[in-house]
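# Close look at the chain arrangement
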Amino acid sequence: MKQIAKVVVDVPVMQTNQPYDYAIPPTLIDRLQVGMRVEVPFGPRHIQGFIVAIVNEPDFEGELKEIIRPLDLEPVLTKELLQLGEDMADQVYAYRIHCYQTMLPPVMKAKYEKEFYLLDGHQAEDVQIVFQGEDVISWDRALEIEALPQLLEWKKQNIVDIRYLVKSKARVKKKTVYQKNISPSEIEEEMNQLSKQAKSQRALLEVLMAIEPEAWLTREQFREQFDIMPRTLQIAVEKGWMITEDKEVYRDPLKNRHFAQTEAKVLNEGQQIAYQAVKEKIDSNQHDVFLLKGVTGSGKTEVYLQLIGEVLAQNKTALMLVPEIALTPQMVHQFKGRFGGEVAVMHSRLSTGEKYDEWRKIKRGEARVVVGARSSIFSPVENLGIVIIDEEHETTYKQEENPKYHARNVAIYRAKYNHCPVVLGSATPSLESRARAQKNVFHLLELTERANQQAMPDVRIIDMREEFQSNNRGNFSQILQDKIRDRIDKKEQTVLLLNKRGYSSFIMCRDCGYVHECPNCDISMTFHMDTKGMKCHYCGHEEPVPNRCPKCQGNQFRYYGTGTQKVESELQELFPDARIIRMDVDTTRKKGDHERLLAAFGRGDADILLGTQMIAKGLDFPNITLVGVINADTSLSLPDFRSSEKTFQLLTQVSGRAGRSDLVGEVIVQSFNPDHYAIRYAQNHNYDGFYRQEMALRHQSGYPPYYFTTQITVSDLDEKKAQTKIYEINAKLRNKLEGQTIILGPSRSSIARMNNRYYFQLLIKYKQKENLHEVLKEILDASQKDNAKGLYISIDTEPVNFF
DNA sequence: AGCACGCCGACT
DNA sequence: GTCGGCGTGCTC
């Protein structure tokens, strides 16, 4: 008889990062299952936990407490996800509880409340004043009326006690539905008794005569189909003509939207070969990882769609990951159009309620295809048949907060567990993945032709240094201006990319060179045209533009950098007749903005689409024949060994937006480093050339994929404490690690202070793990005390961004 | 994370 | 002599 539950509790610290044993009370023996959330006593409190195992014998040798209650009717985590969470916690140096919370929709994170309740027989007057005749008072209310010290005192005197509440935030949306509860003969009778003026009721009775007896109809259906108003329905219920029930409904993030059914297209030879290779693994339930490298416009999506179609035909499920910004309605349309209601969509713009409902659809097996961003890799699907990661090189697949997992690794883990293939798709694979394909760890599949047989667009590089010398100080070279003019005249469309990566607009005093910095972070503040204010991108601090230089009292400021707004006004000046749509964080802040702007551009409401990175993806409009990159090289100067790779990927990506139909596309790239290899190879659409050269450089300087990397960051409000700690860690690492391990640093982070915390870091480069894992875990274990004092140590395996 | 326990400085 | 500061350790 099993009666001991092992529970991972909601206390995210190193000391409690292990399951605790609890007795299962007799009343709950049949109701508790592995993977459920439960409320348990922990010390004097009540908290939430996850049952990770149910066993016969406890490991703990003390007296066990009992589980208080289950928080779910069914397990929310499958056995697979429980195991994954445990392994992931170990690999990315995270807490197990954090991993489990990350796998679930946010509503499942417990909310805790405390309240004081009156013990029997204490009716003293002063007590009554506080409790106001009730027998409980919430902690917050006590705080509000400043009765907290008094109540804590009463607790000592056993007059009141504290109750800890675990609240669930999950709310199921309900809708009232109506069913008729009256026979045809009764309807006749009622009709005869109605007064002549009761026209609405008469109309309703006629409707009731016509509809099916078992049908449940909503208020909206009565209104839209029969023109019956809610008030009439209410009368009908009062008179007993109809009964009501509250039925569970899903919040539909795509409601009122129609998706035209699409059919599978005939695959070309390359697509067919790729499809077949993956299908074989699906058929034989074998794990494998494929790297599908296809030039922009080569029809990767159609291959994905048909593979998923095959998986569904075999009664399995599919996970389809896309980068957050590519999760546009255009993309969703393709999947909804092919698979309809089988598709669940998951991304950060859904409300918490919508996320919860999409999650439940997946859990219940009602949606067997999940299209989503990073975290949807944890979808509770069973019988997984394929995992596809589109744009696999994108760094958004790496979570930058804890747990710092990479969706690609999780995908491979889950596919192994489910004996199914993974497809990593990209026009510009990450060097890591491409190198793995080279070593036959992954299988390389290539699509070298564009699906429409269209040639790759012609890419021309403009040397902006020359423009500068010939006294053109603007952002647009003469040639780009001519081309834009030409497109406007021909009624074709232009896309302009402003590369904002590693870039900000700041103000500087012309007299003394003072740069306006954030008071909390050691970084210059960004000037925002729309609010005419300064804003810190790291902590959100805002202030007006200073009138006078705080240092020398001068009042001449120079505005550096190029914001999209500034470029837009320059563009409008150059082309007064052009209709321009600007797309950046400022114009896409509200839900649906993104979609609205794209749809407008797609309809031809504008001649020019000007935007940041977010326009580089998924844009597929036939009338775009010119793509201009205003500043190709800002991303080259990032203090990051991947800066060339990122630049190459961005240029290739955005070039692919041109010439996707019968019209020939053209790309203009403006640069101050026109001879840089990343730009040259992007010009010639030569991924392989770039790959070889970049690999040689990485080899030379000892970076991934030749070495693995792990970054350790220490932060504290006190600069000295953080610095001491990082040197301590450094000494320990150098002492314990040997062989080919290299440690870079320690050093101040490139943003040395953020939100008043000081950051120090070091980077470990290694070929074999050896004992690194053990040493890092030791460091983390020992960090417990520091943590309590506000000194944080963070370990990031394979970081994708370096600060 | 909370919370209790416990050991030293400033007060009625 | 006591109140309360927060350093330390525990939670099945």
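These numbers come from a predicted model, not from an experiment.

Let us look at the sheet that holds strand β15 (residues 369-372). What links the strands of a sheet is backbone hydrogen bonding, and the strands pair in either a parallel or an antiparallel sense. The seven strands lie next to each other as β14-β15-β13-β16-β17-β12-β18, forming an open sheet whose pairing is parallel. Strands with a single pairing partner mark the edges of an open sheet, and in this sheet they are β14 (343-346) and β18 (443-447). When the angles between neighbouring strand axes are averaged without regard to direction, this sheet yields 15°. Set on the sheet, helix α10 (residues 269-283) makes contact with β12 (288-294), β16 (384-389), β17 (421-426) and β18; between it and β18 the angle comes to about 150°.

Here we come to the protein's contact with DNA strand C. Around DNA strand C, a shell composed of 13 residues is seen, among which Asp21, Phe42, Gly43, Phe60 and Lys65 lie nearest. Counting only atoms of DNA strand C within 4 Å of the protein, the sugar-phosphate share comes to 40%. At 2.4 Å from a phosphate oxygen of DNA strand C is found a side-chain nitrogen or oxygen belonging to Lys65. Within the residue set of the surface near DNA strand C, elements represented by two or more residues are β2 (20-23) and β3 (37-42). Sorting elements by how many residues they give to the surface near DNA strand C places β2 first, with three residues. When the residues that make up the surface near DNA strand C are grouped by side-chain class, the tally is six nonpolar, three polar and four charged.

The next subject is the packing of helix α7 (residues 199-210) against helix α9 (residues 230-238). Put simply, α7 and α9 touch, their axes get as near as 10 Å, and they point 75° apart. What the angle tells us is that α7 and α9 run roughly perpendicular. Listed contacts from α9 to Ser200, Gln201 and Leu204 of α7 are Thr232, Leu233, Ile235 and Ala236. In terms of residue class, the contact of α7 with α9 is made up of four nonpolar, three polar and no charged.

With that out of the way, let us pick up helix α12 (residues 329-339). Turning to α12, its buried residues number three or more, namely Met331, Val332, Phe335, Lys336, Gly337, Arg338 and Phe339. Here the buried face of α12 lies against α11 (300-313), β13 (317-321), β14 and β15. At the C-terminal side of α12, Gly340 shows a positive phi close to 50°.

Right, let's talk about the pattern of salt bridges for a bit. Across all of its chains, the model carries 46 salt bridges by this definition. The partner of Asp283 in a salt bridge is Lys279, and the shortest N-O contact between them spans 2.9 Å. With Asp283 and Lys279 both in helix α10 and four residues apart, the pair spans about one turn of that helix. Taking relative accessible area as the criterion, Lys279 reaches 18% and is therefore assigned buried. Where Lys725 meets Glu728, a salt bridge forms, and the shortest distance between an N and an O atom there is 2.8 Å. Placement of the pair is Lys725 and Glu728 together in helix α23 (residues 719-736), with a separation of three residues, close to one helical turn. The class of Lys725 is buried, set by a relative accessible area of 13%. Connected via shared salt-bridge partners are Glu248, Arg251, Asp357, Arg360 and Arg364.

Sheet architecture is open: three strands sit in the order β10-β9-β11, paired in antiparallel fashion. Each of the sheet's edge strands pairs with one partner strand only, and the pair in question is β10 (217-218) and β11 (242-248).

Turning our eyes to something else, we now look at the domain arrangement of chain A. For chain A, the assigned domains read domain 1 (4-104), domain 2 (173-249), domain 3 (269-447), domain 4 (458-501 + 576-698), domain 5 (502-562) and domain 6 (708-797). On a C-alpha basis, the centroid separation for the pair domain 2 and domain 6 is 69 Å.

The subject of this paragraph is the nonpolar core. Counting 50 residues, the largest nonpolar core has Leu77, Tyr100, Ile377, Phe378 and Val387 as its most contacted members. Domain assignment of the residues forming this core places at least three in each of domain 1 (4-104) and domain 3 (269-447). The contact partners of Ile377, leaving out residues within four places of it in the chain, are Leu319, Leu321, Val387, Tyr405, Ala407, Val410, Ala411 and Arg414. With 39 residues, the next largest nonpolar core counts Ile461, Ile581, Ala658 and Tyr677 among its residues.

If you check the shell around DNA strand B, you find Val11, Pro12, Val13, Gln15, Pro44, Arg45, Lys114 and Tyr164 and nothing else. For DNA strand B, the fraction of protein-proximal atoms (within 4 Å) that sit in sugar or phosphate groups is 50%. Within the side chain of Arg45, an N or O atom sits 3.0 Å from a phosphate oxygen of DNA strand B. Measuring from a phosphate oxygen of DNA strand B, one finds a side-chain N or O atom of Lys114 at 3.3 Å. Its residues assigned to classes, the surface near DNA strand B comprises five nonpolar, one polar and two charged.

Further remarks concern the packing of aromatic side chains. Here the structure, examined in full by the defined rule, presents 13 aromatic pairs. Centre to centre, the rings of Tyr20 and Phe42 are 5.0 Å apart; their planes meet at 90°, and the pair counts as edge-to-face. Of this pair, Tyr20 sits in strand β2 while Phe42 sits in strand β3, and the two are 22 residues apart along the sequence. Arranged with centres 6.1 Å apart and planes meeting at 70°, the rings of Phe601 and Phe621 form a pair that is edge-to-face. Of this pair, Phe601 sits in helix α19 (residues 593-603) while Phe621 sits in the loop between β27 (608-611) and β28 (624-629); the two residues are 20 residues apart in sequence, bridging distant segments of the chain. This pair shows no difference in class: Phe601 is buried, exactly as Phe621 is. Taking NZ or CZ as reference, Arg360 lies 4.7 Å from the ring centre of Tyr356, over its face.

Compared with an ideal rise of 1.5 Å per residue, which puts 13 residues at 18 Å, helix α1 (residues 79-91) spans 18 Å between its outermost C-alpha atoms and is within 8% of the ideal. Among all positions of α1, only Glu80, Leu81, Leu82, Leu84, Gly85, Met88 and Ala89 are buried. Next to the buried residues of α1 lie β4 (45-55), α2 (96-103) and α14 (407-418). Following α1 by one or two positions, Tyr93 adopts a phi angle in the positive range, close to 55°.

Looking now at the pairing of β17. Counting buried positions along β17 yields six of six residues, so the element is predominantly enclosed. Across the two faces of β17 the burial is the same, with Pro421, Val423 and Gly425 and Val422, Leu424 and Ser426 all buried. Note that β12 and β17 share six bridges and pair parallel. Bridging across to β17, Val289 finds its partner in Val422. Judged from the three bridges that link them, β16 and β17 form a sheet pairing that is parallel. For Ile389, the partnering residue across the bridge sits in β17 and is Leu424. Regarding topology, α14 serves as the crossover connection from β16 to the parallel β17, and that connection is right-handed.

Before going further, it helps to spend a moment on the packing of α1 against α14. Where α1 meets α14, the axes come as close as 11 Å, and the angle between the chain directions of the two elements is 135°. By the angle between their axes, α1 is oblique relative to α14. Helix-helix and strand crossings are classified by hand; for α1 and α14 the assignment is right-handed. Taken together, the residues of α14 that come into contact with α1 (itself represented by Lys79, Glu80, Leu81, Gln83, Leu84, Asp87 and Met88) are Val410, Tyr413, Arg414, Tyr417 and Asn418. Looking at the contact of α1 with α14 residue by residue, the classes come out as six nonpolar, two polar and four charged.

Now for unusual backbone geometry. Working note: non-glycine residues mostly have negative phi, and peptide bonds are mostly trans. Going from Pro704 to Pro705, the amide bond is cis rather than trans, its omega being 5°. When you line up the elements, Pro705 lands in the loop between α22 (687-701) and β30 (708-716). Look at the link from Gly745 to Pro746: it is a cis peptide, with omega at 5°. Assignment of secondary structure puts Pro746 in strand β31 (residues 742-754). With a phi close to 60°, Asp227 is a non-glycine residue in the positive phi region. Tracing the backbone shows Asp227 in the loop between α8 (219-226) and α9.

Rules and cut-offs
Residues numbered from 1 in each chain as written. Chains lettered and ligands numbered in written order. Predicted model: local features only at pLDDT ≥ 70, side-chain atom pairs only at ≥ 80, totals over all residues. Heavy atoms only, no water. Pairing = 2+ DSSP bridges. Helix = DSSP H or I, 4+ residues; strand = E, 2+ residues; numbered from the N terminus. Axes fitted to C-alpha atoms, helices over the stretch in contact; angles between N-to-C directions. Contact = heavy atoms within 4.5 Å. Near = heavy atom within 4 Å. Polar contact = N/O pair within 3.5 Å; in protein donor to acceptor, adjacent residues only side chain to side chain. Nonpolar A, V, L, I, M, F, W, Y, C, P; charged D, E, K, R; others polar. Parallel < 35°, antiparallel > 145°, perpendicular 65-115°, else oblique. Buried < 20%, exposed > 50% of the residue type's maximum accessible area, 1.4 Å probe, protein only. Salt bridge = Lys/Arg side-chain N within 4 Å of Asp/Glu carboxyl O. Domains from an automatic or database assignment. Core = buried A, V, L, I, M, F, W, Y, C linked by side-chain atoms within 4.5 Å. Phe/Tyr/Trp six-rings, centres within 6.5 Å; stacked < 30°, edge-to-face > 60°. Lys NZ or Arg CZ within 6 Å of the ring centre and 35° of its normal. Expected span 1.5 Å × (residues − 1). Right-handed = clockwise from strand over helix to strand, strands pointing away. Left-handed = near helix turned anticlockwise from the far one by under 90°.

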